[in-house]
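Descriptive structure summary
Now for the letters of each chain:
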Amino acid sequence: MDVTVVRIYLTESEGKLERLMRRLHDEEPLRGVTVFRGISGFGPSGRMHASHLVDMSLDLPLVVEFFDRPDRVATVIQDIKDLVEPGRLLTWAATSNIET
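Quick look at the structure, then. As the structure is a computational prediction, the values presented were derived from the model and not from experiment.

Parameters at a glance
Residues numbered from 1 in each chain as written. Predicted model: local features only at pLDDT ≥ 70, side-chain atom pairs only at ≥ 80, totals over all residues. Heavy atoms only, no water. Helix = DSSP H or I, 4+ residues; strand = E, 2+ residues; numbered from the N terminus. Polar contact = N/O pair within 3.5 Å; in protein donor to acceptor, adjacent residues only side chain to side chain. Contact = heavy atoms within 4.5 Å. Axes fitted to C-alpha atoms, helices over the stretch in contact; angles between N-to-C directions. Parallel < 35°, antiparallel > 145°, perpendicular 65-115°, else oblique. Left-handed = near helix turned anticlockwise from the far one by under 90°. Nonpolar A, V, L, I, M, F, W, Y, C, P; charged D, E, K, R; others polar. Salt bridge = Lys/Arg side-chain N within 4 Å of Asp/Glu carboxyl O. Buried < 20%, exposed > 50% of the residue type's maximum accessible area, 1.4 Å probe, protein only.

This part takes up the side chain of Asp68. Along the chain, Asp68 falls in strand 5 (residues 61-68). Side-chain polar atoms of Asp68 contact the backbone nitrogen of Arg31, separated by 3.5 Å. Beyond its immediate stretch of four places on either side in the chain, Asp68 contacts Val3, Thr4, Pro29, Leu30, Arg31 and Val73.

This is how it looks when you write it as structure tokens:
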């Protein structure tokens with residue numbers, strides 16, 4: 001089955017993860033969503049976000065990832081575009097071995 005994979009880049013300090021997850025869970029019937037918490041990263045600002053034992057930063061990089069049918073993903077992207085800054089959402093075509 002052809003699917004579209006979506007990857008969204010955030011940081012913890014933006015405070016958008018909870019709203020995004022609530023929308024993806026409650027309003028968008030997706031197959032599933034996974035959130036990865038990075039240990040280090042930087043974006044266009046060049047500001048380093050990193051995990052240190054000393055400060056236990058709450059400003060780490062986050063990656064939200066999901067996949068579904070291409071038409072379903074297109075609808076979801078339109079519905080969440082107010083929560084994701086331009087340039088922080090990537091999509092690509094893939095094939096799933098799970099048929100529905």
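Further notes follow.
Let's shift gears to the packing of helix 1 (residues 17-27) against helix 2 (residues 70-80). Orientation of helix 1 relative to helix 2, taken along the N-to-C sense of each, is 140°, at an axis distance of 11 Å. Classed by the angle they form, the pair helix 1 and helix 2 counts as oblique. At the point where helix 1 passes helix 2, the crossing takes the right-handed sense. Residues Leu20, Arg23 and Leu24 of helix 1 pack against Val76, Asp79 and Ile80 of helix 2. Of the residues that constitute the contact of helix 1 with helix 2, the class distribution is four nonpolar, no polar and two charged.

It is worth spelling out the pattern of salt bridges at this point. Enumeration according to the criterion identifies ten salt bridges in this entry. Glu12 serves as the salt-bridge partner of Arg37, at 2.8 Å between the closest nitrogen and oxygen. Here the residue Arg37 occupies a position in strand 2 (residues 33-37), and Glu12 occupies one in the loop between strand 1 (2-11) and helix 1, the gap between them amounting to 25 residues. We classify Glu12 as partly exposed; its relative accessible area is 22%. In this structure, Glu14 and Arg88 form a salt bridge, with 2.2 Å as the shortest nitrogen-oxygen distance. Residue Glu14 is found in the loop between strand 1 and helix 1, and its partner Arg88 is found in the loop between helix 2 and strand 6 (89-95); the two are separated by 74 residues along the sequence. Bridged by salt links that share partners, the residues Glu14, Lys16, Glu85 and Arg88 form one connected network.

That's the geometry; what it means functionally is another story.
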